[in-house]
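# Notes for the structure review
So you can see what is in the structure, the chains are spelled out below.
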Amino acid sequence: MAVKLDRVRLERSRSFGAVWLGWILWQALKLDELCSVLMPRARESVAWGEVIALLVIGRLCEPSSELHVAERWYRTTALEDLLGVAPESVYDERLYRALDRLLPHKAAIESHLVKRLGELFELDYDLLLYDVTSTYFEGVADPTIAKRGYSRDHRPDCVQVNIALVVTREGLPLGYEVFSGNTTDVTTVQEIVSGMENRFGKANRVWVMDRGMVSAENIAWLNETGRRYVIGTARAELRRWSKQLAAKNDWRHIREDVEVKICRGPEGSETFLLCRSASRLEKEKAMHERFSQRIEDGLAALARRIDKSNGGLDRGALERQIGRLLERNARAAARYAISITEENGTPAGLKLTWSTRAEWNDWASVSEGTYILRTNIHHWTDEELWKTYIQLTEAEAAFRIQKSDLCIRPIWHHKEGRIKAHILICFLAYVMWKTLQQWQSRAGLGDSPRTILTEFSRIHAADIVLPLADASPRELRIRCVVRPEREQTILLQRLGLALPERLRVPQAIEM
């Protein structure tokens, strides 16, 4: 068929590679099949499952608000060709209603993903890592769950919610729960452990938690109900083991910069692992020195002010100022013995003196860089216990990914249901992120999905328009995917993926 070469043109360029990879991940997890069962198409023109898919893929590829997805992001991508949903059918109200439809199916979705991830990666769930984080709101939010509490985002000025997440040793999620923003970590343990076991079975699992989950009540409950655990302990617990920490014997290096010592609990039901990290020691030592210097600089400035005063000073005001200084530098506050005494013959009538406590320095030299783990598992070696606890970083990494790469914060929704649905969308995007990470890791491509997504986002799709050479104004339109560059081709080959050359059958010739 003859065409007019001087009038051949390229139209409708769209970002293709990243959203196509997102769609591949969605199908690999069989979420398309699950959504069609949970939310079957009725009278609506667009299936709810397709709307949920575009929200999750959007969160994975370019995290933004539903409004941005509707007004700009969707029409700049080739998701229309993959989902078959026209841009005019994607508007903010439809996206918000999709959140309402999704939330009731949270438990079913989690159960499906546990099964599917186990099939894809041959996972076992004998070891579960559990941690809690917070995420804040901009503006007002439902006071039922949005409350002020301890902010891990350093935003005490904002209300927040807490999210408790359970993941495998590989960081793949088992499930999560949302708590009000003023909920303390220690009060979530029994609910989370019981809830996960009721849904997925007990199976003699080992629970790994950080020191924020420790209380006498929780430890007693875990032991009484036969649950196994490896848990960090509060720093106050170090004093209990001061003699063992100071003793030079029985320490064993399990890594170049880590040494450990096993101690049996006095009641015999628990094993305690004393740990000392060289890198942590340097960090805490530097921190103590920094705080100490701030305190000493503040005290010196205050002493100069007293010495130069031309009149009497309020002793109570000075003491409050010292209190605020110590509060801002609390990690070194106990190092100093500070006193304000009367000083006759001076205008101020007062004198500020301070000294360092030798016992504080002695304890710091013993305790810096140390931490303690506790467990009711007695047959594991010291190295097994330490390595198990260190895997808790996978749960911490999950929160970092959701906050930085998937932008779970800040939350802009106001209603409780949509707040929870937003978190569920982020959870699904995180599952897809971890699935991609597993693929690339097994292909020897590192462990940074953002690198893969960024590289694939450079692959575009476009329409090639071919005007026919006859006397009519007819044109042939072919929708193609731009051929990938060498680096992109290598990534595709290593991942075992093949880009389509065309997205659909060419449109009919227009008359």
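Our subject in this report is the structure included herewith.

## With respect to the overall build of the protein
Scanning the protein from terminus to terminus reveals 18 helices and 14 strands. Along the longest, intermediate and shortest principal axes, the C-alpha atoms of the protein span 110 × 65 × 45 Å. Across the 511 residues that make up the protein, the buried fraction comes to 50%. By element, 50% of the accessible surface of the protein is carried by carbon and sulfur atoms, the whole surface being about 24,500 Å². Averaged over its 74 positive side-chain charges, the protein has a centre that lies 1 Å from the centre of its 70 negative ones.

## Focus on empty space enclosed by the protein
Taken as a whole and judged by the stated rule, the model has seven cavities of 30 Å³ or more. If you trace the largest cavity, you find it lined by L55, G58, R59, S64, S65, E66, V69, L99 and I425. Those elements giving two or more residues to the lining of the largest cavity turn out to be α3 (48-61) and α4 (66-73). It is α3 that contributes the most residues to the lining of the largest cavity, three residues altogether. Here the residues of the lining of the largest cavity are counted per class, giving four nonpolar, three polar and two charged. Of the pockets and cavities examined, the second largest cavity occupies roughly 40 Å³.

So, how was this worked out
- Residues numbered from 1 in each chain as written.
- Predicted model: local features only at pLDDT ≥ 70, side-chain atom pairs only at ≥ 80, totals over all residues.
- Heavy atoms only, no water.
- Helix = DSSP H or I, 4+ residues; strand = E, 2+ residues; numbered from the N terminus.
- Buried < 20%, exposed > 50% of the residue type's maximum accessible area, 1.4 Å probe, protein only.
- Areas by Shrake-Rupley, 256 points an atom, 1.4 Å probe, with all protein chains shown as cover.
- Lys, Arg positive; Asp, Glu negative; His and termini not counted.
- Charge placed at Lys NZ, Arg CZ, Asp CG, Glu CD.
- 1 Å grid on protein atoms, 1.4 Å probe; cavity = no way out; pocket = protein on both sides within 12 Å on 5 of 7 lines; lining within 4 Å.
- Points joined across faces, edges and corners; volume = space filled by probe spheres on them.
- Nonpolar A, V, L, I, M, F, W, Y, C, P; charged D, E, K, R; others polar.

Keep in mind that these numbers describe shape and distance, not what the molecule does.
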